[in-house]
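Results of the structural survey
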2 protein chains.
Amino acid sequence: MRPASPFISDVPAAQAVAAWQHACAADGCPERVGTVRVPVGEAVGRVTAEPVWARRSSPAFDSAAMDGIAVLAASTTRATETTPLLLAVGEFEVVDTGDPLPSGYDAVVMREHVHRTADGLAELRAAVPPYQHVRSIGEDISATELLLPEGHRLRPVDAAACAAAGAVELVVRRRPLVMIVPTGDEIRPIGTEPAPGEILDTNSLMLAAQAREIGCEAQVTDIVADDPDLITAALREAAVAADLVILVAGSSAGRDDYTARVVAAAGTLAVHGVAVRPGHPVVLGTVAPATGAQATPVLGAPGYPVSAALTFDIFAAPMLAALEGVAPLERPSTSARLARKLASTIGADDWVRVRLGRVGGGPGNGIVATPLPRGAGVLTSLVRADGLLVVPAGLEGHHAGEEVRVELLRGLGEIGRTIVAIGSHDLVLDVAASALRAADPLVTLASSNVGSLGGLVALRDGLCHLAGSHLLDPATGEYTLPYVDRLLAGADIAVIRLVHRDQGLLVAPGNPAGITGIDDLVRPEVRYVNRQRGAGTRVLLDHELSRRGLDPAQVSGYTREEHTHLAVAAAVAAGRADAGMGILAAARAFGLDFVPVAREPYDLVLRSELVDDELLAPLWALLARADFRAGVEMLGGYSCQETGRRVR
Amino acid sequence: MRPASPFISDVPAAQAVAAWQHACAADGCPERVGTVRVPVGEAVGRVTAEPVWARRSSPAFDSAAMDGIAVLAASTTRATETTPLLLAVGEFEVVDTGDPLPSGYDAVVMREHVHRTADGLAELRAAVPPYQHVRSIGEDISATELLLPEGHRLRPVDAAACAAAGAVELVVRRRPLVMIVPTGDEIRPIGTEPAPGEILDTNSLMLAAQAREIGCEAQVTDIVADDPDLITAALREAAVAADLVILVAGSSAGRDDYTARVVAAAGTLAVHGVAVRPGHPVVLGTVAPATGAQATPVLGAPGYPVSAALTFDIFAAPMLAALEGVAPLERPSTSARLARKLASTIGADDWVRVRLGRVGGGPGNGIVATPLPRGAGVLTSLVRADGLLVVPAGLEGHHAGEEVRVELLRGLGEIGRTIVAIGSHDLVLDVAASALRAADPLVTLASSNVGSLGGLVALRDGLCHLAGSHLLDPATGEYTLPYVDRLLAGADIAVIRLVHRDQGLLVAPGNPAGITGIDDLVRPEVRYVNRQRGAGTRVLLDHELSRRGLDPAQVSGYTREEHTHLAVAAAVAAGRADAGMGILAAARAFGLDFVPVAREPYDLVLRSELVDDELLAPLWALLARADFRAGVEMLGGYSCQETGRRVR
């Protein structure tokens, strides 16, 4: 076995960027991409490659700024309220807004202030100062003034102003070309059906889209096998036309990770490994298509999708902005209160994806940030994220409730209209989320799964609007309400029934272990997969064991915890367990068999004052809809008989 | 004369939107655009038309989460630090991150924790819990879970997650098609040379680009003459394919304004005139291609460019987002301190363009907002704007220093790196702004023209970093420093020389009035155009008159004020005046002759503590550059002999 990560360093991100820039300069990479001349109408989104000076004034002539009549100011000095002045035809001219000021006139009187007599005269009751309501030549743009500097990304108003100033074409930067080279024996193109052990090439799709999103062109090459000679050849070929080559995967130090070695051999390896999590095993360097040819920057991106996406943001995007000669795009940010303690490794910037919700007052504008799963492989953590929280290398993390700064991935207005549900998760919440959005694109229902008990605690701590709960109280046989009394004593709490649902044992197709109910779980050869502490499903198991006088210690795998119904189903489907408790929908998701155990109510717990809040009105309206209820019951394992009923 | 604006109402914007939506619904306009099926890689930027449920789990198999060896956890229970366990070949398997977990194993030991003996055995010094460093099937995505709701605009990570979950194609909304119909006898296509009185069709270019910027398709028709029948025909034709028709100009109530009448006759006129400035004379309605055909929403946009641009933002963008079934894009906002009093008309939302700069502490994060020119025709006010400040209809305005909320048009980071110059304007500042940006895209120099005295007052009030000044003190003959002593007494102030420049009289080409100097300005037939009070150029004129014993009252046009050198030049060029004082560059801009009067120093005034601030370092470096000085002197009328010298 080779030594651990022999080549991977932990260079701080800023230092890595500097080292990469230094290598690019030393190897003669171009500082900027070239220029092209484009029609002004096609220049929007491009970056000016030279300053734009006005060639013409706009407006190009004096014009009426109001509808009315053009007059010579000097001819009106005698007009007063008591001695109106009558102008004859030829002493004034009718003009509309924008009309050129007729020759011989120097002011405009608004239509509202003119009385036209029956014989066509114009009566004025006040003298008019010169240039009144005249829009002067050059009011907007004066010839020769600087309209835009070099290095400005053109917006629609910029292009219109350039055209008004006489520009027909503009000299802009060519769009930087990003060539993406996917590598890996196990990588298969999207559209194929991957065999076990194979992975779809979703990273190339994502990186190309990220490049296009910031105004670049992007091309993806064929997938290259894990062979250093093939990778070298592909890299050199990509470097011919590209302004930046991104080599995907193989950037770590495993047996088939060739990126660093290939870059070092074919060009300059500036950095291998940065103090950023996720994204640590990144490669930064340059490579030339051939000896003596001009070098091209190369980024070796890690294969884990979150690492790949963040690596693009942190390293590729600023490099591409510099090549285009423009400031990188900035994300707006907000302050937020952290929903729970967040530990972070000292020594690396930690990019934490968070959900945001506006759930109350207090610091951070009432915005609460809940960290999402932090694995580099959990792309859905980026999909679901409303923001990114960077814990800098020098910090061990943040404590719960601490005010933090979050880069926004969604607008604050949209976040303010988001219903935040934390607690037990149920598929019906997903169905509701999609139906709400379909009815009104401004409504979002975001649910995070921490189990029923965790949801009630989150509600107590002001971190969510709704807590989804199906907690059985073994003493009373009642669901949820006894826990509300205990955990939320003193608070004015409402409980709305979402649905009744069947809980049961998920078993492999055909039920090979012959499991017929809870009693079979203590059979020594049966491997169970449990839910985490605080999950209603685990409480249900404990209750069922207890009323049979069975000891949890007899259940093999009782300590093996998963956090969702679907994760339990996945464990059974993968053969890691013979049975686990969950809902019918989870069994169906993985093609498992289902042994019913109980029918339980699943409720939404919230503060009473929120029941009539406009935020939640669309949800209550949805729960009342017959088509929604019918759709839920069609899923199987659900009853909507009490859906929407306030049980407290 | 017809009564004033007979048809134009002042409906509040929200009410106008509601009336438009109501008309669209009543006339059977589609609520959403249709759907199309696109490959997942081409779906980025599109809006989901149905929820995306995961078809496959990702990862699709259990895999190693670390480089190391796969083991069976149960076989390692005896391993301890003091009694290492030796695993033989066949009892473990070497795996890299991402490799499928080999059959028969259920945990991974990191390479760093394994010692490989010379004969190929693996030595463990600790027991391994089951599933250690195993990435479970479905860790990222579980089959059947909701990945994205309907009505979600797809980002690169979303498309990658959809692909990972088994999507090959996605059902998305068709891009809404916006047809833009320019109207007006005086409108000419971009690329032609407009005759006097003609206007280039920059609005269509801008509106089409605005539509594309928010994800729509846009087409511009030929320009339609001011003829109601032709406009009706063009409108009906555009309505055939369009999801929204924008009719440009003619939306007011002048003689040639047909939009409202045409829409009323050919369809439904829902709103004519909204309580929004600029943008008041807007038309909202629907029109059908033919009787009985499906109706299409129509927006009649005013012809003034700022009105047209804001009308798109306020009315078209939300309509198009609704048609695509997605929340409208949101601009981030910031709080800022208002640089000066801002008056606003009661009864209309006032959309004020502002420049933003971070110039100090205090409320609003040290960000100061300076209102830009407010005319509906001043498109450069939008080009130069960093933000939009809406003064609601119910407010008379804001007082100076008040904290206001501003929608951001540029990133706050970029704004924080902007050097804010307020005061007298000089072309050299423009040249410097462009050179600074060319050298470093992160640096912005933003200058606003309020005259020298206004600049010193702004500096005193903490509204800018630099004040450009060329104020002559008639008593001492000294420039700027005496004013600094008076206005900024007690403050620690530095003064840096930017340039020496020639001031003179701008006269028509060939100098038809035969003006040879200041003395000629009192000739009765000579019409002068002056600068505003507080402008250094006006002080210079006053001084030159005074030392000749001439009375300003003798100068015809002394009270006619313009605010910039270029505006003075424009007035002379348009024949509204025979002479005005200004710099050589302004004369050249308008092809005027120049009669020299004086050479004066133009200085940059700032607080001493800022001299060594990193914000200004690029500016000082630029002033020291020989190529910059040479370029300035090439402009004519400038000397750089003292450029960069600290005169206080």
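Reading the values: rules and limits
- Residues numbered from 1 in each chain as written.
- Chains lettered and ligands numbered in written order.
- Predicted model: local features only at pLDDT ≥ 70, side-chain atom pairs only at ≥ 80, totals over all residues.
- Heavy atoms only, no water.
- Buried < 20%, exposed > 50% of the residue type's maximum accessible area, 1.4 Å probe, protein only.
- Helix = DSSP H or I, 4+ residues; strand = E, 2+ residues; numbered from the N terminus.
- Pairing = 2+ DSSP bridges.
- Contact = heavy atoms within 4.5 Å.
- Phe/Tyr/Trp six-rings, centres within 6.5 Å; stacked < 30°, edge-to-face > 60°.
- Lys NZ or Arg CZ within 6 Å of the ring centre and 35° of its normal.
- Polar contact = N/O pair within 3.5 Å; in protein donor to acceptor, adjacent residues only side chain to side chain.
- Axes fitted to C-alpha atoms, helices over the stretch in contact; angles between N-to-C directions.
- Parallel < 35°, antiparallel > 145°, perpendicular 65-115°, else oblique.
- Left-handed = near helix turned anticlockwise from the far one by under 90°.
- Nonpolar A, V, L, I, M, F, W, Y, C, P; charged D, E, K, R; others polar.
- Least-squares fit on C-alpha atoms with pLDDT ≥ 70 in both.

Okay, the pairing of strand β32 (residues 493-507) of chain B next. All names here are of chain B. The buried fraction of β32 is high, at 15 of 15 residues. Direction of pairing for β32 relative to strand β36 (residues 593-607): antiparallel, over a ladder of 14 bridges. Paired with D502 across the strands is R599, a residue of β36. Here β32 pairs with strand β35 (residues 579-583) via five bridges, running antiparallel. In the strand pairing of β35, V507 is matched with A579.

Attention shifts here to the environment of A126 of chain A. All names here are of chain A. Structurally, the position occupied by A126 is in the loop between β9 (122-124) and β10 (134-135). Overall, the relative accessible area of 43% leaves A126 in the partly exposed class. Along the sequence, A126 and V52 sit 74 residues apart, while their C-alpha atoms lie 44 Å from each other. When neighbours within four sequence positions are excluded, A126 is seen to be in contact with T76, A79 and T80.

This next bit is on the packing of aromatic side chains. In total, this model carries zero aromatic pairs over all chains according to the counting rule given. A cation over an aromatic ring shows up here: R486 of chain A above the ring of Y483 of chain A, its NZ or CZ 4.9 Å from the ring centre.

Here the focus is the pairing of strand β13 (residues 177-182) of chain A. Residues and elements named next belong to chain A. When you tally the buried positions in β13, you get six out of six residues, the bulk of the element. The alternating pattern of β13 places L177, M179 and V181 and V178, I180 and P182 on opposite faces, both of which are buried. Bridge analysis of β13 against strand β17 (residues 244-248) gives five bridges, and the strand direction is parallel. Each bridged residue has a counterpart across the sheet, and for V181 the counterpart in β17 is L247.

On to the side chain of S344 of chain B. All names here are of chain B. Checked against the element boundaries, S344 lands in the loop between β23 (342-343) and β24 (349-358). The buried category is assigned to S344, whose relative accessible area is 9%. Here the side chain of S344 touches D350 through a polar contact of 3.0 Å, side chain to side chain. What S344 contacts, discounting residues up to four positions off in sequence, is D350, R374, V391, L395, E396 and G397.

In this section: the packing of helix α3 (residues 202-213) of chain A against helix α2 (residues 156-164) of chain B. The interhelical angle for the contact between α3 of chain A and α2 of chain B, taken along N-to-C directions, is 165°, at an axis separation of 8 Å. By the angle between their directions, the pair α3 of chain A and α2 of chain B is classed as roughly antiparallel. You can see that α3 of chain A and α2 of chain B cross each other, and the crossing is right-handed. Two secondary-structure elements touch here, α3 of chain A through T202, L205, M206, A209, Q210 and E213 of chain A and α2 of chain B through P156, V157, A159, A160, A163 and A164 of chain B. A breakdown of the residues in the contact of α3 of chain A with α2 of chain B according to their chemical character gives nine nonpolar, two polar and one charged.

As a further point, take the relation of the copies chain B and chain A. With an axial shift of 0.0 Å and an RMSD of 0.1 Å, the rotation relating chain B to chain A amounts to 180°. These values place the two chain copies in the arrangement generated by a two-fold rotation axis. Closest approach to the rotation axis within chain B is made by the C-alpha atom of P332 of chain B, at a distance of 3.2 Å. When you check the interface residues of chain B against chain A, 100% turn up at the interface there too, and the contact is symmetric in its surfaces.

Okay, the sheet that holds strand β13 (residues 177-182) of chain B next. All names here are of chain B. Pairing within the open sheet is mixed, and its six strands lie in the order β16-β13-β17-β21-β20-β18. Looking along the sheet, the strands with just one partner apiece sit at the ends: β16 (217-220) and β18 (267-272). Sheet twist, expressed as the average angle between the axes of neighbouring strands with direction ignored, equals 20°. Two strands pair when backbone bridges link them, and β18 and strand β20 (residues 283-287) are joined in this way by five bridges, in the antiparallel orientation.

The next subject is the environment of A348 of chain B. Residues and elements named next belong to chain B. Counting through the fold element by element, A348 comes out in the loop between β23 and β24. On the basis of relative accessibility, which here comes to 2%, the residue A348 falls in the buried class. It is 30 Å that separates the C-alpha atoms of A348 and G215, two residues lying 133 residues apart in sequence. Sequence-distant contacts of A348, defined by excluding residues within four places in its chain, comprise A275, V276, R277, V391, P392 and A393.

Another aspect to go through is the side chain of S307 of chain B. Residue and element names in this part refer to chain B. Take S307: it is sitting in helix α6 (residues 305-324). We classify S307 as buried; its relative accessible area is 2%. One polar contact links the side chain of S307 to the main-chain amide nitrogen of G279, over a distance of 3.4 Å. In this view, S307 contacts P278, G279, P302 and A376; residues no more than four positions away in its chain are not counted.

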